[in-house]
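Next come the chains, spelled out residue by residue.
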Amino acid sequence: MCGIVGYVGDRKTTEILLEGLNKLEYRGYDSSGIAIKSQDNIQIIKSEGKISDLEKKVENSSLIESKLGIAHTRWATHGEANETNAHPHQFGKVTIVHNGIIENERELKEELINKNLIFKGETDTEVAAAVINNCYQKDPIEAITKAMELLNGSYAFGIIFNDQNKLYAVRKDSPLIVGIGTHENFIASDIAAIIKYTDKYILLEDNEIVELSQDGVNVYKNGKKISKKIEISTMSIEEANKGNYKHFMLKEIMEEPIVLQRTINKYINKMDDIFDVSNYDEIHIVACGSALYAGMIGKNLLEEKANIKCITECASEYRYKKVIYDRKTLVILVSQSGETADTIAAMRKAHECGIETLAIVNVKTSTIAREAKYQLFIEAGPEIAVATTKAYLLQVAMFSLIALKAANKKGLEKEYDDILQEAKLLPEKLKKVLNDKNIFKVVGKELMHKDDAFFIGRGIDYSMCQEGSLKLKEVSYIHSDAYQAGELKHGTISLIEDGMPVFAIITDKKIKDKTESNVIEVEARKAQVYTITNDKTLKTHHFKYVVEKISDYFQPILIVPPLQLIGYFTADSRGLDIDKPRNLAKSVTVE
Ligand code: AGP
């Protein structure tokens, strides 16, 4: 995904735009640019690389006086990450920034080239600018409306017309908000970019066009002006900042007890608000990345505790595969952003088949939150680091409560009340684990020069391995694999070399001896074994960290944060840009 900011008002436009881009850099950061407009001309400054590179170019430029501008930070989809392909793109009288994918850009580009139009870059956005320009006579709303009929795919556009002193924007399948200030107005991909100036915003819906001047906000749909509700954001400015932490990722890990408390408080005395899944014969848990791995833990608990058949599937597969809905099925979508394109598509596929959907989501205004039949909101607050931590943990906690409620409803959980009481103590227990963070800092230093790692476990422990492995990979760039402990010996054990780190997650007492024997197998091949467990009787190989043994429902909540910290400190020991890992974006709003 990419980040969009736009401004119209009396402040220094470039300052607002660059500040906003910095707050959105987690959405994509391979190139960026701004376009500012004075009465009769538009100045565009673009840069490959980080926002800081763009800031240097802007500082060294003589800037026009401007009260109106748009800006963009890019995660490349069409065309490589370079200055030419960076946004904004200008074509004729139209300058735009874009988040999304124009799926028929190739046909449109061919048509326009046949009309002797010349393109500078390789992006679908430049094609969109040309289409809007082609539709433009003198009415911007009309031009945008006409262009929307030609453009297929997803978009949030910020648009400036050379001969207009207003800012325009429109969205379809990509998020965009309108910030309402005093004698100034904004557009942004999310509120973090502008919370410093206003907490009032309008959430644009699909196919709504907004026209912004310093003192006016008009929203149009199908060519007609419509009225929109002004929302008040609950995000604080502090939440949009790192505070005293070196990285957002560490800040968000350390926030886990607080946000866990918030989520538990919200539901623990109101378990009626937890969606009841006990009447479904089958549950499909569909998500991407870490959200999928949270769903895997959900599957373990729902099957083991509530006796409900579950499948977990990554959304990019689920959306295209033949899905058999021959029993009373619920599809659970898990998503922090609620804007992941594949997960949205999987949700819409379920709806087309008449299947009910439940969204476990963090961003309440997101597409998945708005379109799913049922919603359970986690209370993670804004999560800025690209590598999810607190949101993932709350997704797991939500599945714990869902499974606990379903097991109880089915008369399968005799210790229901005691387990609920235990949930109230979880944040304190988690705080104790996080207070040991320096132990994991040492582990991070040990991993600093490693090239490969394995995470092994069985059952729910394997599901935790998946997240531990992804965290290490995505922020430290160390190649890592999560493996079912019993499966390693069927080939992959050939990769184990002297000193290779192998993390063994062992919490399931029914099979701890089996996993322990797999640990001995890798140790026999000189692996360096790190055990994370709730069983202090287990042998210490190279390293052992023991968390308090609590109910199966909540055990992952104490086991996974050490893995998150190990990933973080390993990346920190390598001096990497942890909050913005290479090639990644916070939410992948394109296929
Ligand atoms: C998590 O660290 C990754 N950044 C990524 O796997 C993420 O969980 C995935 O893209 C899903 O995002 P979502 O939860 O916003 O749908």
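Please refer to the structure higher up on the page.
One structure accompanies this document, and this report is about it. (Residues numbered from 1 in each chain as written. Predicted model: local features only at pLDDT ≥ 70, side-chain atom pairs only at ≥ 80, totals over all residues. Heavy atoms only, no water.)

It is worth spelling out the overall build of the protein at this point. Along the protein, the regular secondary structure elements total 17 helices and 25 strands. Here the C-alpha atoms of the protein give a radius of gyration of 25 Å, agreeing with the 25 Å that 2.2 N^0.38 yields for 591 residues. Put simply, 71% of the contacts in the protein that link residues at least 6 apart link residues at least 24 apart. On the protein, roughly 23,000 Å² of surface is accessible, and the fraction owed to carbon and sulfur atoms is 48%. Considering the protein, the positive charge centre built from 78 side chains and the negative charge centre built from 86 side chains are found 2 Å apart. (Helix = DSSP H or I, 4+ residues; strand = E, 2+ residues; numbered from the N terminus. Rg over C-alpha atoms; globule rule 2.2 N^0.38 Å. Contact = heavy atoms within 4.5 Å. Areas by Shrake-Rupley, 256 points an atom, 1.4 Å probe, with all protein chains shown as cover. Lys, Arg positive; Asp, Glu negative; His and termini not counted. Charge placed at Lys NZ, Arg CZ, Asp CG, Glu CD.)

Attention now goes to the sheet that holds strand β16 (residues 282–287). Where strands meet in a sheet, backbone hydrogen bonds hold them as pairs that are either parallel or antiparallel. The five strands lie next to each other as β17-β16-β18-β19-β20, forming an open sheet whose pairing is parallel. With partners counted over all chains shown, the strands left at the sheet margins are β17 (309–314) and β20 (374–377), one partner each. Averaged over all neighbouring strand pairs, the angle between strand axes comes to 20 degrees, with direction disregarded. Alignment of β16 against strand β18 (residues 329–335), held across five bridges, turns out to be parallel. (Pairing = 2+ DSSP bridges. Axes fitted to C-alpha atoms, helices over the stretch in contact; angles between N-to-C directions.)

As a further point, take the sheet that holds strand β21 (residues 452–457). Taken in spatial order, the five strands make up an open sheet running β22-β21-β23-β24-β25, and their pairing is parallel. Bordering the open sheet on either side are β22 (479–484) and β25 (543–546), each of which pairs with just one other strand. Strand-to-strand twist in this sheet, taken as the mean axis angle between neighbours without regard to direction, amounts to 15 degrees. Sheet strands touched by helix α15 (residues 460–476): β21, β22 and β23 (501–506). Its angle to β22, the strand with the most contacts, is close to 175 degrees.

Okay, empty space enclosed by the protein next. Taken as a whole and assessed by the stated rule, the structure comprises one cavity of 30 Å³ or more. In this structure, the largest cavity is lined by 14 residues; those nearest its centre are Cys2, Trp75, Thr77, His87 and Gly100. A class-by-class count of the residues in the lining of the largest cavity yields four nonpolar, eight polar and two charged. (1 Å grid on protein atoms, 1.4 Å probe; cavity = no way out; pocket = protein on both sides within 12 Å on 5 of 7 lines; lining within 4 Å. Points joined across faces, edges and corners; volume = space filled by probe spheres on them. Nonpolar A, V, L, I, M, F, W, Y, C, P; charged D, E, K, R; others polar.)

Tallied over the entire structure, the rule returns 14 aromatic pairs. Where Tyr155 meets Phe157, the ring centres are 4.8 Å apart and the plane angle is 10 degrees; that geometry is what we call stacked. Accessibility expressed as a relative area gives 0% for Tyr155, which makes it buried. Taking 4.7 Å as the distance between ring centres and 70 degrees as the angle between the ring planes, the aromatic pair formed by Phe440 and Tyr545 counts as edge-to-face. In this pair, Phe440 is assigned in helix α14 (residues 437–447) and Tyr545 in strand β25, connecting sequence segments 105 residues apart. Tyr545 matches Phe440 in its accessibility class, with the two residues each being buried. One aromatic cluster is present, formed by Phe455, Phe503, Tyr530 and Phe543 through successive ring pairs. Positioned over the ring face of Tyr318 is Lys349, at 5.9 Å from the centre of the ring. Looking at Arg582, its charged tip hangs above the ring of Tyr477, at a distance of 3.8 Å from the centre. (Phe/Tyr/Trp six-rings, centres within 6.5 Å; stacked < 30°, edge-to-face > 60°. Buried < 20%, exposed > 50% of the residue type's maximum accessible area, 1.4 Å probe, protein only. Lys NZ or Arg CZ within 6 Å of the ring centre and 35° of its normal.)

Before going further, it helps to examine the side chain of Glu184. In this fold, Glu184 is placed in strand β10 (residues 184–188). Using a relative accessible area of 5% as the deciding quantity, one classes Glu184 as buried. Contacts of Glu184, omitting those with residues within four sequence positions, involve Tyr7, Val8, Gly9, Arg11, Tyr197 and Gln214.

The gaps of empty space that remain are located by a probe, the size of a water molecule, rolled over the atoms. Of the pockets and cavities examined, the largest pocket occupies roughly 810 Å³. Forming the walls of the largest pocket are 37 residues, and the residues nearest its centre are Ile191, Asn362, Val363, Lys364 and Thr365. Residue classes in the lining of the largest pocket are distributed as 16 nonpolar, ten polar and eleven charged. What the second largest pocket holds in volume is close to 540 Å³. Along the walls of the second largest pocket sit 25 residues, with Cys288, Gly289, Ser290, Lys586 and Val588 positioned nearest its centre. Those elements giving two or more residues to the lining of the second largest pocket turn out to be α8 (289–306), β18, α10 (341–352) and α15. Each residue belonging to the lining of the second largest pocket can be placed in one class, and the counts come to eleven nonpolar, ten polar and four charged.

Right, let's get into the side chain of Ser463. Relative to the helices and strands, Ser463 is located in helix α15. Given the relative accessible area of 2%, Ser463 is considered buried. Other than its neighbours up to four places away in sequence, Ser463 contacts Tyr293, Met296, Ile297 and Asn300.

Here the focus is the site of the ligand. In the vicinity of the ligand lie 14 residues, with Ser335, Gln336, Ser337, Thr340 and Glu474 positioned nearest. Lys471 is positioned with one of its side-chain polar atoms (N or O) 3.0 Å from an oxygen atom of the ligand. A distance of 2.4 Å separates an oxygen atom of the ligand from a polar atom in the side chain of Glu474. In a pocket analysis with a 2 Å cut-off to the grid points, the ligand is assigned to the second largest pocket. Among the secondary structure elements, those contributing two or more residues to the shell around the ligand are α8 and α15. (Near = heavy atom within 4 Å. Polar contact = N/O pair within 3.5 Å; in protein donor to acceptor, adjacent residues only side chain to side chain. Sits in = over half its atoms within 2 Å of the grid points.)

Grouped burial of nonpolar side chains is what soluble globular proteins tend to show. Core analysis: the biggest nonpolar cluster contains 120 residues, and Val277, Ile283 and Phe554 have the highest contact counts within it. No other element matches helix α12 (residues 390–409), which puts 14 residues into this core. Leaving out residues up to four positions away in the same chain, Phe554 has contacts with Ser400, Leu401, Leu404, Ile419, Glu422, Ala423 and Leu426. Ile96, Leu117, Ile159 and Tyr220 belong to the second-largest nonpolar core, a separate cluster that totals 30 residues. (Core = buried A, V, L, I, M, F, W, Y, C linked by side-chain atoms within 4.5 Å.)

What follows deals with helix α16 (residues 512–523). Between the first and last C-alpha of α16 there are 16 Å, a value that for twelve residues agrees with the 16 Å anticipated at 1.5 Å per step. Taken together, the buried positions of α16 are Thr515, Glu516, Asn518, Val519 and Val522. Buried residues in α16, looked at end-on, bunch into an arc of 160 degrees, giving them a common side. Exposed side chains of α16 directed beyond 90 degrees from the buried face belong to Asp513 and Lys514. Looking at the buried positions of α16, the neighbouring elements they touch are β21, β23 and β24 (528–533). (Expected span 1.5 Å × (residues − 1). Arc of directions from axis to C-beta.)

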